[in-house]
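Overview (structure and organization)
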Amino acid sequence: MKLRPIAGIIVRQFYLIRGSPVRVLPMFAWVAIDIVLWGFITRYLNSVSASGINFVATLLGAVLLWDLFTRVMQGVSTAFLEDVWSRNFLNLFATPLSISEYVTGLVLTSLATSTVGLLVMLALAIPVFGLAFFALGMLLIPFLLVLFCFGIALGIFASALVLRLGPASEWLVWPMPALLSPFACVFYPLAVLPPWMRAAAYLLPPSYVFEGMRSVLAGGGLSLPRLACGALLAILYIILAGQFFARVYRYAVRSGLLARYSAETVS
Amino acid sequence: MTDGITAAAPAGDVGSSPEYVLSVQDLCKNYGELAAVAHVSFRIRRGEIVGLLGPNGAGKTTIINTILGVLAASSGAIRIGRYDIARERSLALSRTNFAAVYAALPGNLTVRQNLRFFGLIYAVRDLDARIESLLDELGLRALSDTKCGLLSSGEQTRAALAKALLNSPELLLLDEPTASLDPSAAQIIRGHIRELAQHDDCGILWTSHNMYEVEEVCNRVLFLSHGKVLLEGDPRGLPQEHGTHNLEELFIRLAREPLAQPAGAGA
């Protein structure tokens, strides 16, 4: 892999964001609204509940981490969609740029934009609602990494789906995190799920993160093997998503889909 | 069948040679039962401008897309310099570039941003100096900070040509490069392209429906119909050889009348 082509993908996204307030706003507006909304909800729950549970730490912390995962996933797919929207496939893929360089560029772009989102969320949640985000200590690192990795995997998968099914399928991309959220156990423990949903939850890396986070905040410690399981799953999904993207790309080159990419290419 | 026009002789081995920037050998592209390109072979020397002519649907763009690696050939081989496009894609495409009416640069980036983006993708050395030089050469200086989507079609063509020249390609593919230019701008661009071939030893594959332009610019032409090369030769000599007054008349005749196939001529 060469660095300059990867830098090209990142620079392009930087130009787009710099030149368009419409692209800047989503980087922090929706996450900020989420934090404000859930900040007040958790503050209210703390005031009326006698359970002793700190809702700010459990619920608001979970919202923050879930929003981060969503931003990472959408960061990858949005950077890809920029090429769809500007009909740039022919210009882009007729260059020496390799698929691994292209995908790496998308991923790094997403990491940069989602980090901005994370900083905005922290800047609101810590001083305004008293979220003790760093109380999780060093465990934050694996928690964040697992969510980053799964977000990247889902973003690559979503991009491959759009490449295969055509631009109109971008409407399948946006609800993906929402579809996964009931199984990811963001707000409730895995134990409350029926068996079939629990089986699905075990396949999702975020469920290990949120279970672990709740356990640590409740003073119960962390199951490292379980967290390792989540991490391995996230890495496995990145590999599978990368292979899926490469496979779809090869199909697109073989079938002529890439050269004639338009809104009506579903076949 | 009786007009005396006969098929181009099947080309012999067109393997790589330092003299040739492009070697296309026995290229076939099938979409199911449809043969979009059938057993096409040709080569382009350094400094040579070859016109690829034919009616709509003849297979010109399919050939260009396979050379650019965005469409996989069903069979046959394509070498850019000594690099096989199927096996050494990045090396082959780093020596190639293209401009086409149907592949405008992303409209949401300025001319300069587009040149920087693609310059990084092509890993162009001394990129800033190269961009400045191309802005002057193609008269884009005053438009450098204008978004490409706001340019007139003629200006967009010049911007696309600047992109196509960024990496000082050994092989340049131009699909109707002057289609949207006024006669004066088209003449300037033709002069520029001829200079590029003469002084930079760049081999150029040029498609156009303007036969006067082809006569003026091309050293050699290939007539394509139904995915096959019908004729090959000097655009200034071919009309007389085939009893027509000019290249346009020959084009119309070839496009409308069935080809006289000598026994045993290529598929």
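What you see is a predicted model; the values in this text were computed from it and never measured. (Residues numbered from 1 in each chain as written. Chains lettered and ligands numbered in written order. Predicted model: local features only at pLDDT ≥ 70, side-chain atom pairs only at ≥ 80, totals over all residues.)

Further remarks concern the interface of chain B and chain A. Counting residues at the interface gives 24 residues for chain B and 24 residues for chain A. Those elements giving two or more residues to the side of chain B that touches chain A turn out to be α2 (89-93) and α3 (111-121) of chain B. Element by element, the count of residues in the side of chain B that touches chain A is highest for α3(B), at five residues. (Contact = placed C-beta atoms within 7 Å. Helix = DSSP H or I, 4+ residues; strand = E, 2+ residues; numbered from the N terminus.)

Sheet strands line up and pair through hydrogen bonds in the backbone, either parallel or antiparallel. Residue and element names in this part refer to chain B. Read from one edge of the open sheet, six strands run β6-β7-β8-β3-β9-β10, paired in mixed fashion. Looking at strand neighbours, the two that pair on one side only are β6 (96-100) and β10 (228-233), the edges of this open sheet. Along the sheet, successive strands turn relative to each other by an average axial angle of 15°, direction set aside. Of the pairings in the sheet, the one linking strand β3 (residues 49-53) to strand β9 (residues 220-225) comprises four bridges and is parallel in character. Along β9, the bridge assignment pairs L52 with L222. The sheet contacts of helix α1 (residues 60-67) involve β3, β6, β7 (171-175), β8 (203-207) and β9, and relative to β7 the element is tilted by about 150°. (Pairing = 2+ DSSP bridges. Axes fitted to C-alpha atoms, helices over the stretch in contact; angles between N-to-C directions.)

To continue, consider the sheet that holds strand β4 (residues 75-80) of chain B. Residue and element names in this part refer to chain B. The four strands lie next to each other as β2-β1-β4-β5, forming an open sheet whose pairing is antiparallel. Looking at the sheet topology across the chains shown, the edges are occupied by β2 (34-45) and β5 (83-84). The pairing of β4 with β5 spans two bridges and is antiparallel. Paired with R79 across the strands is D84, a residue of β5. Sheet contacts for α1: β1 (20-31), β2 and β4; angle to β1, the most-contacted strand, approximately 115°.

Residue and element names in this part refer to chain B. Relative to β4, β1 is paired through five bridges, and the arrangement is antiparallel. Among the inter-strand pairings, V24 is bridged to a residue of β4, identified as I78. Remark: two residues form the turn of the hairpin made by β4 and β5, two consecutive strands paired antiparallel; G81 in that turn has positive phi of roughly 60°.

The next thing to look at is α3(B). Most of α3(B) is tucked away: eleven of the eleven residues are buried. Here α3(B) has its buried residues at B:V111, B:R112, B:Q113, B:N114, B:L115, B:R116, B:F117, B:F118, B:G119, B:L120 and B:I121. As for α3(B), its buried residues are in contact with α1 (3-18) of chain A together with α4 (127-137) and α5 (153-165) of chain B. Of the residues trailing α3(B), B:A123 is marked for its positive phi of about 50°. (Buried ≥ 20, exposed ≤ 12 C-beta atoms within 10 Å, placed from the backbone.)

Let us look at the pairing of β7(B). All names here are of chain B. Most of β7 is tucked away: five of the five residues are buried. Covered by surrounding structure in β7 are L171, L173 and D175 together with L172 and L174, the residues of both alternating faces. When β7 meets β8, the two strands line up parallel, connected through five bridges. Paired with L174 across the strands is W206, a residue of β8.

For helix α5 (residues 99-129) of chain A, which comprises 31 residues, the first-to-last C-alpha distance of 43 Å matches the rise-based estimate of 45 Å (1.5 Å per residue) to within 8%. Looking at the residues trailing α5(A), positive phi occurs at A:G130, about 70°. (Expected span 1.5 Å × (residues − 1).)

Here we take up the packing of α3(B) against α4(B). Residues and elements named next belong to chain B. Contact geometry for α3 and α4: axes closest at 10 Å, N-to-C directions at 135°. Accordingly, the angle class assigned to the pair α3 and α4 is oblique. Classified by chirality, the crossing of α4 by α3 is right-handed. Residues R112, L115, R116 and G119 of α3 pack against L127, R130, I131 and L134 of α4. (Parallel < 35°, antiparallel > 145°, perpendicular 65-115°, else oblique. Left-handed = near helix turned anticlockwise from the far one by under 90°.)

In this section: the environment of B:I44. Residues and elements named next belong to chain B. Structurally, I44 is set in strand β2. The class of I44 is buried, set by 25 C-beta atoms lying within 10 Å. A sequence separation of 176 residues divides I44 from R220, and the C-alpha atoms of the two residues are 9.3 Å apart. Setting aside chain neighbours within four positions, we find I44 in contact with Y20, V21, L22, V50, G203 and L205.

What follows is about the confidence of the model for chain A. Regions with low pLDDT carry predicted coordinates that are not meant to be interpreted in detail. With 98% of its residues at a pLDDT of 70 or more, chain A has an overall mean of 91. Below pLDDT 50 for its whole length, residues 263-267 of chain A participates in nine contacts with residues either more than four positions away or in separate chains. (pLDDT = per-residue confidence, 0-100.)

The phi angle at A:R87 is positive, at roughly 50°, despite the residue not being glycine. Mapped onto the fold, A:R87 is located in the loop between α3 (55-85) and α4 (89-93). For B:H39, which is not glycine, the phi dihedral falls at a positive 55°. Here B:H39 shows up in strand β2.

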